[in-house]
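# Coordinate analysis (summary)
Below are the chains, spelled out letter by letter.
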Amino acid sequence: MIDLTLDGDVATVVLNAPARLNALDEQALRDLGRAYDEAEAAGVRALVLRGEGRAFCAGRDISTVDPRDDDVLGYLGGLVTPLLQRMSRFPAPTFAVAHGACLGVGLGLLIATDVVYVAESAKIGSPFAALGATLDSGGHALFVDRLGAHRTLDLIYTGRLMTGAEAVAAGLFSRALPDDEVLQATTDAAAKAARGATAAFLASKQLVARIRDERLALWDSLDIENAAQAALCDTDDYREGFAAFQEKRAPEFRGH
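Everything in this summary refers to the structure shown in the same document. (Residues numbered from 1 in each chain as written. Predicted model: local features only at pLDDT ≥ 70, side-chain atom pairs only at ≥ 80, totals over all residues. Heavy atoms only, no water.)

## Comments concerning the packing of helix α4 (residues 139–147) against helix α5 (residues 149–158)
Between α4 and α5, the shortest axis-to-axis distance is 7 Å and the interhelical angle comes to 135°. It follows that α4 is oblique to α5 by the angle criterion. Packed against α4, whose contacting residues are His 140, Phe 143, Val 144 and Leu 147, the element α5 presents Ala 149, Arg 151, Thr 152, Leu 155 and Ile 156 at the interface. Residue classes in the contact of α4 with α5 are distributed as six nonpolar, two polar and one charged. (Axes fitted to C-alpha atoms, helices over the stretch in contact; angles between N-to-C directions. Helix = DSSP H or I, 4+ residues; strand = E, 2+ residues; numbered from the N terminus. Parallel < 35°, antiparallel > 145°, perpendicular 65-115°, else oblique. Contact = heavy atoms within 4.5 Å. Nonpolar A, V, L, I, M, F, W, Y, C, P; charged D, E, K, R; others polar.)

Here it is in structure tokens:
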């Protein structure tokens, strides 16, 4: 079950199937995509993704899957990958609260989120060797990029799970926090972002995505930065930011 709450300029999307550790079947994936569509249509300026209960998301719900006729390519390529791409392009800053198990598709949801605050005791890795399966949902790319090939294969071969604190120390995610503080810290960060210069945030979000996906060199990225800055000059928030600085007051951004 996927819940969506709209509170002013902030949307909160909750994976709400705690008895299954928020594992996702095909219908849950479709519902999650619809929640992001509704949040975008509402014009929110920040979004929080979290899981209810003991885990963020334990991955795919395989409780009723028969491996003899499993359409795994339809699940991953037809549903998961488009969802992750849609999440990553959400037109506002996105934040995730990661606690408990963050595995498989659950790990992919985090990869597709802009900022991930992780409970120190969270469990992150690739336990799928026990299923005769492999890591999916972008996990290989994340681990190789941040950990290198040797440490990635060590996690895959052994099935060892990293704690949230280890994952952040290795550069996988944004920040590790005590378990009882991570939700409040994430919601506070999202609320602050929702009061910020949304157009400028989106310019940075798009630039970061291009640097990552296109492996842009320094001088190429500078050219794109320069063009983005020039475009921002025409926004109300840019003019408000300069006026506030010159008048020595806090800016009042409106997101455009």
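## Comments concerning unusual backbone geometry
At Asn 22, a residue that is not glycine, the phi angle is positive and equals roughly 60°. Summarising the element assignment, Asn 22 is placed in the loop between β2 (10–15) and α1 (26–41). Even without a glycine there, the phi angle at Lys 248 is positive, about 55°.

## As for helix α7 (residues 182–194)
Two residues of an α-helix separated by three or four positions point the same way, owing to the 3.6 residues in each turn. If you check α7, its first and last C-alpha atoms are 18 Å apart, about what 13 residues at 1.5 Å a residue would give, namely 18 Å. Three or more residues of α7 are buried, namely Val 182, Thr 186, Ala 189, Ala 190, Ala 193 and Ala 194. Down the axis of α7, the sector holding all buried residues measures 135°, keeping them to one side. Lining the buried residues of α7 we find β2, β3 (46–51), β4 (94–98), β6 (115–119), β9 (175–177) and α8 (198–214). (Expected span 1.5 Å × (residues − 1). Buried < 20%, exposed > 50% of the residue type's maximum accessible area, 1.4 Å probe, protein only. Arc of directions from axis to C-beta.)

## Here we look at the packing of aromatic side chains
Going through the model one piece at a time under the given rule, you end up with two aromatic pairs. Of note, Arg 60 hangs over the ring of Tyr 75, and the distance from its end group to the ring centre comes to 4.3 Å. (Phe/Tyr/Trp six-rings, centres within 6.5 Å; stacked < 30°, edge-to-face > 60°. Lys NZ or Arg CZ within 6 Å of the ring centre and 35° of its normal.)

## Some points on the nonpolar core
By size, the foremost hydrophobic cluster in this structure holds 51 residues, and its most contacted members are Leu 15, Leu 24, Leu 32, Leu 49, Leu 109, Phe 143 and Phe 173. For Phe 173, the contacting residues outside a window of four places in its chain are Leu 107, Leu 110, Val 116, Val 118, Ile 124, Leu 142, Ala 167 and Val 168. With 13 residues, the next largest nonpolar core counts Val 10, Tyr 117, Val 182 and Ala 190 among its residues. (Core = buried A, V, L, I, M, F, W, Y, C linked by side-chain atoms within 4.5 Å.)

## A word on the pairing of β3
Within β3, five of the six residues are buried, which leaves the element mostly enclosed by the surrounding structure. Here β2 runs beside β3; their pairing, made up of six bridges, is parallel. Within β3, the position partnered with Thr 12 by the bridge is Val 48. What joins β2 to β3 is α1, and the crossover it makes is right-handed. Sheet analysis places β3 next to β4, joined by three bridges and oriented parallel. (Pairing = 2+ DSSP bridges. Right-handed = clockwise from strand over helix to strand, strands pointing away.)

## Brief notes about the sheet that holds β4
Note: strands within a sheet are paired through backbone hydrogen bonds, in either parallel or antiparallel orientation. Taken in spatial order, the six strands of this open sheet run β1-β2-β3-β4-β6-β9, and their pairing is mixed. Both edges of this open sheet fall to β1 (2–7) and β9, since each of them pairs with a single strand only. Taken pair by pair, the neighbouring strands of this sheet meet at an average axis angle of 20°, ignoring direction. Bridge count between β1 and β2: six bridges; the pairing is antiparallel. The partner of Thr 5 across the bridge, within β2, is Thr 12. Taken strand by strand, α7 contacts β2, β3, β4, β6 and β9, and its axis lies near 175° from that of β4.

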